[in-house]
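Architecture at a glance
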Amino acid sequence: MSVKEILVTGGAGFLGSHLCERLIAERHNVLCVDNFFTGSRQNVSHLIGNPSFELMRHDVTFPLYVEVDQIYNLACPASPIHYQYDPVQTTKTSVHGAINMLGLAKRTHARILQASTSEVYGDPEVHPQPESYWGKVNPIGIRSCYDEGKRCAETLFFDYWRQHNLEIKVMRLFNTYGPRMHPNDGRVVSNFIVQALKGDDITIFGDGQQTRSFCYVDDLIELMIRMMKSPAEFIGPVNAGNPCEFTMLELAEKVLALTNSKSKLVNLPLPSDDPKQRQPDISLAKEKLDWAPKVSLEDGLKETIEYFRSIID
Ligand code: NAD
Ligand code: UDP
Ligand code: UDP
């Protein structure tokens, strides 16, 4: 297998750091580009000093001139509180970031993979969601900077493919969790675990009957690598997630049991435009990439709880 020069944008984030680690284990050279908005040097500190790894502080909304064979475009804050903190910058990151990375891919003839999201389906009326579903997205709400930014990025990927014959790969990631999630990013898995470990109240938004399907990070990274290596004609979009669906109340109860916590459940208002249900139809990933998630929610939560225990202590 030939050694490739691989750019990972958002490489110092939760998913990006696991991806960099995996690519280096496969003996590639990795250029990790990140502006450290939600990611950190800490997430990749174990890779710094490795001759195959280079870390560059850079904001993808500005042009980037480097020579690479492959690009994984992950730069973008992913949790609602982070992407809503500076919504204009969130849209710029998705849209200008995609234009710059596609321009880079065009010049270098690099294959480029986009980390899109299940949020392109919005608050879905079709359940579970297949890739053919166009979604139900509010264009002017508080989640729109993220949802519409990611939708526009998909459009740009497909237009660069049609117009410039770029080798593109588009993946729609559903909720993914695991070690190195940001403890304060407000996502449900990190929130519940940190609250349970500290003995704080577990914050259930709304009645807790809304559902999500949680994929463990290792399963997701395996699919991302398979997608990048797949034949050029398979461009996606392809759903990436674990179809096991849980209500937020069920998740809270699992976390409480696994942490032996005495935290109480409290109800807080449901944020606007919060999707009521979400579950990926993963038949396409199974058929084209021979992939299925292996890690159960219980096993994945145990690993994640250990991680949070270590950083909280
Ligand atoms: P994360 O916030 O941990 O990682 C995002 C990284 O991008 C961070 O390191 C951040 O500093 C960096 N970044 C943000 N704006 C940037 C900019 N303008 N220039 C350079 N770097 C920038 O989130 P994550 O969970 O690792 O998500 C990674 C990608 O996967 C994101 O694109 C996200 O939209 C997508 N995704 C994640 C999930 C999930 O459940 N984790 C679900 C769907 C999609
Ligand atoms: N770009 C970049 N790195 C490159 C090549 C291009 O960041 O190696 C950026 C550049 O800023 C440009 C964008 O990508 O605005 C889109 O490039 P493209 O060639 O598609 O369009 P154009 O240069 O005509 O705007
Ligand atoms: N949620 C919750 N309590 C929290 C954080 C989130 O009940 O402390 C809910 C949230 O309203 C949503 C679900 O958990 O219905 C998943 O939220 P998250 O922010 O993790 O991801 P997303 O909404 O983007 O899927």
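Residues numbered from 1 in each chain as written. Chains lettered and ligands numbered in written order. Predicted model: local features only at pLDDT ≥ 70, side-chain atom pairs only at ≥ 80, totals over all residues. Heavy atoms only, no water.

**Structural notes on the packing of helix H7 (residues 248–259) against helix H9 (residues 297–312)**
Their axes nearest at 10 Å, the elements H7 and H9 cross at an angle of 55°. Judged on the interaxial angle alone, H9 and H7 are oblique. The handedness of the crossing between H7 and H9 comes out as right-handed. The segment H7 lies against H9, with Leu251, Lys254, Val255, Leu258 and Thr259 engaging Leu297, Glu298, Leu301, Lys302 and Ile305. (Axes fitted to C-alpha atoms, helices over the stretch in contact; angles between N-to-C directions. Helix = DSSP H or I, 4+ residues; strand = E, 2+ residues; numbered from the N terminus. Parallel < 35°, antiparallel > 145°, perpendicular 65-115°, else oblique. Left-handed = near helix turned anticlockwise from the far one by under 90°. Contact = heavy atoms within 4.5 Å.)

**Structural notes on the site of ligand 1**
In the neighbourhood of ligand 1, 31 residues make up the surrounding shell, with Asp34, Thr38, Tyr146, Lys150 and Thr176 lying closest. Note that an oxygen atom of ligand 1 is positioned 2.8 Å from one of the side-chain N or O atoms of Lys150. Put simply, the parts of the chain that give the shell around ligand 1 at least two residues each are helix H1 (14–25), helix H3 (87–108), strand E5 (111–117) and helix H4 (144–164). Counting residues per element, the shell around ligand 1 draws most heavily on E5, which supplies three residues. Looking at the shell around ligand 1, its residues break down into 15 nonpolar, 12 polar and four charged. (Near = heavy atom within 4 Å. Polar contact = N/O pair within 3.5 Å; in protein donor to acceptor, adjacent residues only side chain to side chain. Nonpolar A, V, L, I, M, F, W, Y, C, P; charged D, E, K, R; others polar.)

**A few points about the sheet that holds strand E3 (residues 53–57)**
Spatial strand order, E3-E2-E1-E4-E5-E6-E11: seven strands in an open sheet with parallel pairing. Strand pairing shows two members of the sheet lacking a second neighbour, E3 and strand E11 (238–240), which therefore form its edges. The mean inter-strand angle of the sheet, taken between neighbouring strand axes irrespective of direction, is 20°. The pairing of strand E6 (residues 168–173) with E11 spans three bridges and is classified as parallel. Paired with Met171 across the strands is Val238, a residue of E11. The strands touched by H3 within the sheet are strand E1 (5–9), strand E4 (70–73) and E5, with E4 carrying the most contacts at an inclination of about 170°. (Pairing = 2+ DSSP bridges.)

**Points about the environment of Arg172**
With respect to the element layout, Arg172 can be found in strand E6. We classify Arg172 as buried; its relative accessible area is 8%. Each C-alpha atom, one on Arg172 and one on Asp219, is 14 Å from the other, the two residues being 47 residues apart in sequence. Other than its neighbours up to four places away in sequence, Arg172 contacts Ser116, Thr117, Ser118, Val120, Tyr121, Glu131, Tyr133, Glu154, Pro237, Val238, Asn239 and Ala240. Within the structure, the side chain of Arg172 is placed 2.7 Å from the side chain of Glu154, a separation counted as a polar contact. (Buried < 20%, exposed > 50% of the residue type's maximum accessible area, 1.4 Å probe, protein only.)

**Description of the site of ligand 2**
Taken together, Pro63, Leu64, Tyr65, Ile99, Asn100, Gly103, Leu104, Lys106, Arg107 and Tyr160 are the residues near ligand 2. In the model, a nitrogen atom of ligand 2 is placed 2.7 Å from a nitrogen or oxygen of the Leu64 main chain. In this structure, Lys106 approaches ligand 2 through a side-chain N or O atom, which is 2.9 Å from an oxygen atom. Considering each element in turn, the shell around ligand 2 owes the most residues, six residues, to H3.

**Focus on the packing of aromatic side chains**
Throughout the structure, instances matching the rule amount to eight aromatic pairs. Geometrically, the ring pair formed by Tyr121 and Phe174 is tilted, given 6.1 Å between the ring centres and 40° between the ring planes. With Tyr121 in the loop between E5 and H4 and Phe174 in the loop between E6 and strand E7 (176–177), the pair connects residues that are 53 residues apart, well separated along the chain. Of the two residues, Tyr121 and Phe174, both sit in the buried class. In textbook terms, an aromatic cluster arises when at least three aromatic residues are bridged by ring pairs, as seen for Tyr121, Tyr133 and Phe174. (Phe/Tyr/Trp six-rings, centres within 6.5 Å; stacked < 30°, edge-to-face > 60°.)

**Digging into a negative patch on the surface**
A contiguous patch of negative charge on the surface is contributed by Asp218, Glu298, Asp299 and Glu303. Summarising the element assignment, Asp218 is placed in helix H6 (residues 217–229). (Patch = residues over 30% accessible without salt bridge, like charges linked within 9 Å, V, L, I, M, F, W, Y side chains within 5 Å. Areas by Shrake-Rupley, 256 points an atom, 1.4 Å probe, with all protein chains shown as cover. Salt bridge = Lys/Arg side-chain N within 4 Å of Asp/Glu carboxyl O. Lys, Arg positive; Asp, Glu negative; His and termini not counted. Charge placed at Lys NZ, Arg CZ, Asp CG, Glu CD.)

**So, H7**
With 12 residues, H7 extends 16 Å from end C-alpha to end C-alpha; this agrees with the ideal 16 Å at 1.5 Å per step. Downstream of H7 by one or two residues, Asn260 has phi in the positive range, about 55°. (Expected span 1.5 Å × (residues − 1).)

Interpretation note: all reported values are geometric properties and have no functional meaning in isolation.
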